[in-house]
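Close look at the chain arrangement
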Amino acid sequence: TLYHYSDNEVPYILEDLIKGESPYGVDVQTSPSAIATIHTHPNNTPPSGTDVLNAAKWVNDFDTHACKTSYIYTTDGVYALYVENQQKSQSFYENYSGCLREDNSTGMFKTGSSLETTWNEITTQLSKRYSGNELHLLALAELLRQKDSGISLAKRDNGETTFSIY
């Protein structure tokens, strides 16, 4: 987690990195002074439903404009979940926090939840033209739009200097 303290001599502090042991999730610490979270997906997977709901949760928990971006590093590049609209993000979290997948689950969202239903509908439709990580990214971006989440999805490929918004 990256923190900002405006009254410090060193205003930006990156918390010590911790290697996680679970292949299903990561425990990211946040606080009102956090401005971004950073974690990896060693299996080279795009952002998960847990990543999305956590990004909304952190803004909701601290009611702050500070923690607005969650970065996910993979071997292919860096993904960013950016909270563009705090009110919409808070509403999204309030409406869908119960859709967080179960521990040790590889599903995108909780089985039988409304977000899982929407996710399945979108991926079924898009799978006629896309596959793999591209399908995942396009489906996630569409889900975020359909649910008016206030969160955008972007990716920066290795070797690039800018992010592309999905």
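Observations concerning the pairing of strand E5 (residues 77–83)
Among the 7 residues in E5, 6 count as buried, and that is most of the element. Where strand E4 (residues 69–73) and E5 come together, 5 bridges link them in antiparallel fashion. Within E5, the residue paired with Tyr71 across the bridge is Ala80. If you look at the hairpin formed by E4 and E5, you'll find 3 residues sitting between the two strands.

Topic: unusual backbone geometry
A positive phi angle is found at Asn44, which is not glycine, with a value near 65°. With respect to the secondary-structure elements, Asn44 resides in the loop between strand E3 (34–40) and helix H1 (49–62). In the Ramachandran plot, Asp148 falls in the positive-phi region, its phi being about 50° despite a non-glycine side chain. Mapped onto the secondary structure, Asp148 falls in the loop between helix H4 (132–146) and strand E6 (151–157).

Quick word on the packing of aromatic side chains
Using the criterion set out here, one finds 3 aromatic pairs in the structure. Both rings, one in Tyr71 and one in Phe163, keep their centres 6.4 Å apart while their planes meet at 50°; by these two values the pair is tilted. With a gap of 92 residues between them, Tyr71 in strand E4 and Phe163 in the loop between E6 and strand E7 (164–165) connect regions that are remote in the sequence. Residue Tyr71 is classed as partly exposed on the basis of its relative accessible area of 27%. Accessibility expressed as a relative area gives 35% for Phe163, which makes it partly exposed. Seen in terms of ring centroids, Phe92 and Tyr96 are 5.3 Å apart; in terms of plane orientation they differ by 50°. Their pairing is tilted. Within this pair, Phe92 and its partner Tyr96 are both found in helix H2 (residues 86–96), separated by 4 residues, close to a single helical turn.

Thresholds applied
Residues numbered from 1 in each chain as written. Predicted model: local features only at pLDDT ≥ 70, side-chain atom pairs only at ≥ 80, totals over all residues. Heavy atoms only, no water. Buried < 20%, exposed > 50% of the residue type's maximum accessible area, 1.4 Å probe, protein only. Helix = DSSP H or I, 4+ residues; strand = E, 2+ residues; numbered from the N terminus. Pairing = 2+ DSSP bridges. Phe/Tyr/Trp six-rings, centres within 6.5 Å; stacked < 30°, edge-to-face > 60°.

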